[in-house]
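Given next are the chains, with one letter for each unit.
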Amino acid sequence: MKTTGDQFLVKKINKSIVLDTIRDQSPISRAAVSKMTGLNKGTVSSLVAELINNEFVLEIGTGKSSGGRKPVMLLFHETAGYAIGVELGVAKIRTILTNLNGEMVEEASRKLARTEIEYVTQELFAAIQSMIDLTPPSRYGIVGIGIGVPGIVDETGRILFAPNLQWENMDLNALISEHFQLPVTIDNEANAGAVGEQQYGAGRDAANIVYISVSEGIGTGIIFGRELFRGAAGLSGEMGHMTIEANGRKCRCGNKGCWELYASTSSHPQYDFDTLVQMSASGEADGIRGFYEMGEYLGIGISTIINTFNPELIIIGNQMMRAERWITSAIQQTVATRSLSYHRKHSSIRFAQLETRSTLLGAAYYAISGFFSKDRASLAETM
Ligand SMILES: [Zn+2]
């Protein structure tokens, strides 16, 4: 019996290796898959036959050949299913529909008038349903829903605390998954944003990334060795609450002088963010000075991140993207004077490549990777 189980497991693992290879390299021939994976041609052929049968892989045309018969090419079938990515904000819910390659096919946004749980839940149901209604027919339909939220989320997807929504201890995962009968992944929006940039954006070639989500607050998603660093209970990354002014303003977290009070989009003592953007765009000195100061404070926190984590890449994302041209030089100058030169040499600072969709695409990726790892996870449990 044991032998049968092991053979079954080996086959499953090989099948996912073959699928991953086709997904990353497609279009690719069976021979090339065999060469890249080290699996023999017969094994690859039978696994590919199953993947074609499951509609995860398609055969197309012919590829280059070094003489002789031209090989049939294999393609990852990106529209065999779809994923929904959701970003729950304080004032709006944004949703996207992607194919299994994380390519966006639909996008919507709906305003939130209030923040109480019952109302927001109903709006979330409606927002997700509207994406489901727009989903093209496919073999697997919606494979899952990923949701990025502005709060502290534990490893089970329970929202422990979302200060801007004034939510505490809320099992959003159970509500959504029961309503739609679909797998749901909920994570902090900065973690989802980090994953989005890593999979589809500025972080694709980097192994060690700190993604800084700057909007009304500041959150960070930390990726070490290509894996999201979650900490002991899944709560890491609240760098917006590191103290940068010892006797600074009071923060709602209980501390004083937190980074996000000085460097977020809501940090200006006089003007809101939209006003500052308008002022700066029309060349008003007060607006430009406001952003310069925010850039300096961002640079102070970034210097600490560079000295602490030695990341190769720091990505600034979310709403602060809109002020890129007014904060960049202040950030660069501050980091140049405040971080350790050895560390700085190995770190670069970039803005999110997915613009303001890092969290949405990261959330969709959670759904996609959950779908493809289902076999692997259930097998790991039986071992
Ligand atoms: Zn704080």
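Residues numbered from 1 in each chain as written. Predicted model: local features only at pLDDT ≥ 70, side-chain atom pairs only at ≥ 80, totals over all residues. Heavy atoms only, no water.

## A word on helix α6 (residues 189-200)
Here's step 1: For α6, which comprises twelve residues, the first-to-last C-alpha distance of 16 Å matches the rise-based estimate of 16 Å (1.5 Å per residue) to within 8%.
Here's step 2: Among the residues of α6, those classed as buried are Glu189, Ala190, Asn191, Ala192, Gly193, Ala194, Val195, Gly196, Glu197, Gln198 and Tyr200. (Helix = DSSP H or I, 4+ residues; strand = E, 2+ residues; numbered from the N terminus. Expected span 1.5 Å × (residues − 1). Buried < 20%, exposed > 50% of the residue type's maximum accessible area, 1.4 Å probe, protein only.)

## Examining the packing of helix α9 (residues 285-309) against helix α10 (residues 324-338)
Here's step 1: At a closest axis distance of 7 Å, the pairing of α9 and α10 adopts a crossing angle of 40 degrees. Relative to α10, the element α9 is oriented oblique. Crossing geometry of α9 relative to α10 is assigned as right-handed. Of the residues in α10, those in contact with Ile288, Phe291, Tyr292, Gly295, Glu296, Leu298, Gly299, Ile300, Ile302, Ser303, Ile306 and Asn307 of α9 are Trp326, Ile327, Ser329, Ala330, Ile331, Gln333, Thr334, Val335 and Arg338. (Axes fitted to C-alpha atoms, helices over the stretch in contact; angles between N-to-C directions. Parallel < 35°, antiparallel > 145°, perpendicular 65-115°, else oblique. Left-handed = near helix turned anticlockwise from the far one by under 90°. Contact = heavy atoms within 4.5 Å.)

## Brief notes about the sheet that holds strand β15 (residues 313-317)
Here's step 1: Read from one edge to the other, the open sheet built from five strands follows the order β14-β13-β12-β15-β16, with strand pairing classed as mixed. Each end of this open sheet is capped by a strand with a single partner; those strands are β14 (227-228) and β16 (348-351).
Here's step 2: Bridge analysis of β15 against β16 gives four bridges, and the strand direction is parallel. Residue pairing for β16: Ile316 is matched across the bridge by Phe351.
Here's step 3: On top of the sheet, α6 reaches β12 (209-214), β13 (218-224), β14 and β15; it is set at about 45 degrees to β13, its chief contact.
Here's step 4: Of the strands in this sheet, β12, β13, β15 and β16 touch α9, which is tilted by about 160 degrees from β12. (Pairing = 2+ DSSP bridges.)

## Let's talk about the coordination of the zinc ion
Here's step 1: Around the zinc ion, the donor atoms from the protein are His241 (ND1), Cys251 (SG), Cys253 (SG) and Cys258 (SG), and they sit 2.0 to 2.3 Å away.
Here's step 2: In this structure, the zinc ion is coordinated by four donor atoms arranged in tetrahedral fashion, with angles at the metal of 104 to 117 degrees.
Here's step 3: As a motif over one chain, the donors of the zinc ion read H-x9-C-x1-C-x4-C.
Here's step 4: Residue class for Cys253 comes out partly exposed when judged on its relative accessible area of 39%.
Here's step 5: Cys258 sits in the buried class, given a relative accessible area of 0%. (Donors = N, O, S within 2.8 Å, 3.2 Å for Na, K, Ca; no water. Tetrahedral: all angles 85-135°; square planar, octahedral: opposite > 155°, others 65-115°.)

## A few points about the nonpolar core
Here's step 1: If you look at the biggest cluster of nonpolar residues, it comprises 42 residues, and the most contacted ones within it are Ile212, Trp259, Phe291, Leu298, Ile302, Met320 and Ile331.
Here's step 2: Counting residues per element, the ones that place at least two in this core are α6, β12, β13, α8 (273-281), α9, β15, α10 and β16.
Here's step 3: Looking at this core, the element that brings in the most residues is α9, giving six residues.
Here's step 4: Other than its neighbours up to four places away in sequence, Trp259 contacts Ile212, Ile218, Met239, Gly240, Met242, Ile244, Tyr297, Leu298, Gly301, Ile302 and Ile305.
Here's step 5: Ranked by size, the runner-up nonpolar core spans 30 residues in total, among them Val120, Phe125, Ile142 and Leu182. (Core = buried A, V, L, I, M, F, W, Y, C linked by side-chain atoms within 4.5 Å.)

## Some remarks on the packing of helix α4 (residues 117-134) against helix α5 (residues 172-180)
Here's step 1: Look at α4 against α5: their axes get within 11 Å of each other, and the N-to-C directions meet at 45 degrees. Relative to α5, the element α4 lies oblique. For α4 against α5, the interelement crossing comes out right-handed. Here Thr121, Leu124, Phe125, Ile128, Gln129 and Ile132 of α4 come into contact with α5, specifically with Leu172, Leu175, Ile176, His179 and Phe180.
Here's step 2: For the contact of α4 with α5, the class distribution of residues is eight nonpolar, three polar and no charged. (Nonpolar A, V, L, I, M, F, W, Y, C, P; charged D, E, K, R; others polar.)

## Quick word on the domain arrangement of the protein chain
Here's step 1: Once the domains are mapped, the protein chain shows domain 1 (2-76), domain 2 (82-192 + 360-382) and domain 3 (203-353).
Here's step 2: If you average the C-alpha positions of domain 1 and of domain 2, the two centres end up 32 Å apart.
Here's step 3: Counting from both sides, the interface comprises twelve residues of domain 1 and, opposite them, ten residues of domain 2.
Here's step 4: Buried area between domain 1 and domain 2, both sides added, is near 980 Å², and the carbon and sulfur share of it is 61%.
Here's step 5: Where domain 1 touches domain 2, the interface holds one salt bridge.
Here's step 6: When the shortest N-O distance is used, the salt bridge between Glu55 and Arg139 registers 3.4 Å.
Here's step 7: It is helix α1 (residues 2-25) that contributes the most residues to the side of domain 1 that touches domain 2, seven residues altogether. (Domains from an automatic or database assignment. Buried area = accessible area lost by both parts, 1.4 Å probe. Salt bridge = Lys/Arg side-chain N within 4 Å of Asp/Glu carboxyl O.)

## Quick look at unusual backbone geometry
Here's step 1: The omega torsion of the bond from Ser26 to Pro27 falls at 5 degrees, within 30 degrees of zero and hence cis.
Here's step 2: Despite not being glycine, Glu55 has its phi angle at roughly 65 degrees, a positive value.
Here's step 3: Considering the arrangement of structural elements, one finds Glu55 in the loop between α3 (41-53) and β2 (57-62).
Here's step 4: Notably, Arg226 is not glycine yet its phi reads approximately 70 degrees, a positive angle.
Here's step 5: Within the element layout of this structure, Arg226 appears in the loop between β13 and β14.

## Examining empty space enclosed by the protein
Here's step 1: The full count for this structure, using the stated rule, is one cavity of 30 Å³ or more.
Here's step 2: What the largest cavity holds in volume is close to 50 Å³.
Here's step 3: Of the residues assigned to the lining of the largest cavity, the class counts are three nonpolar, seven polar and one charged. (1 Å grid on protein atoms, 1.4 Å probe; cavity = no way out; pocket = protein on both sides within 12 Å on 5 of 7 lines; lining within 4 Å. Points joined across faces, edges and corners; volume = space filled by probe spheres on them.)

## Things to note about the sheet that holds strand β9 (residues 159-162)
Here's step 1: In spatial order, the strands read β8-β9-β10; together these three strands make up an open sheet with antiparallel pairing. Strand pairing shows two members of the sheet lacking a second neighbour, β8 (152-153) and β10 (167-170), which therefore form its edges.
Here's step 2: Sheet analysis places β9 next to β10, joined by three bridges and oriented antiparallel. Note that in β10 the partner of Ile159 across the bridge is Met170.

## Examining the environment of Gly141
Here's step 1: Locating Gly141 in the fold gives a position in the loop between α4 and β7 (142-149).
Here's step 2: Along the backbone, Gly141 and Gly201 are 60 residues apart, and their C-alpha atoms lie at a distance of 25 Å.
Here's step 3: Not counting residues up to four positions away in its chain, the partners in contact with Gly141 are Ala80, Gly81 and Tyr82.

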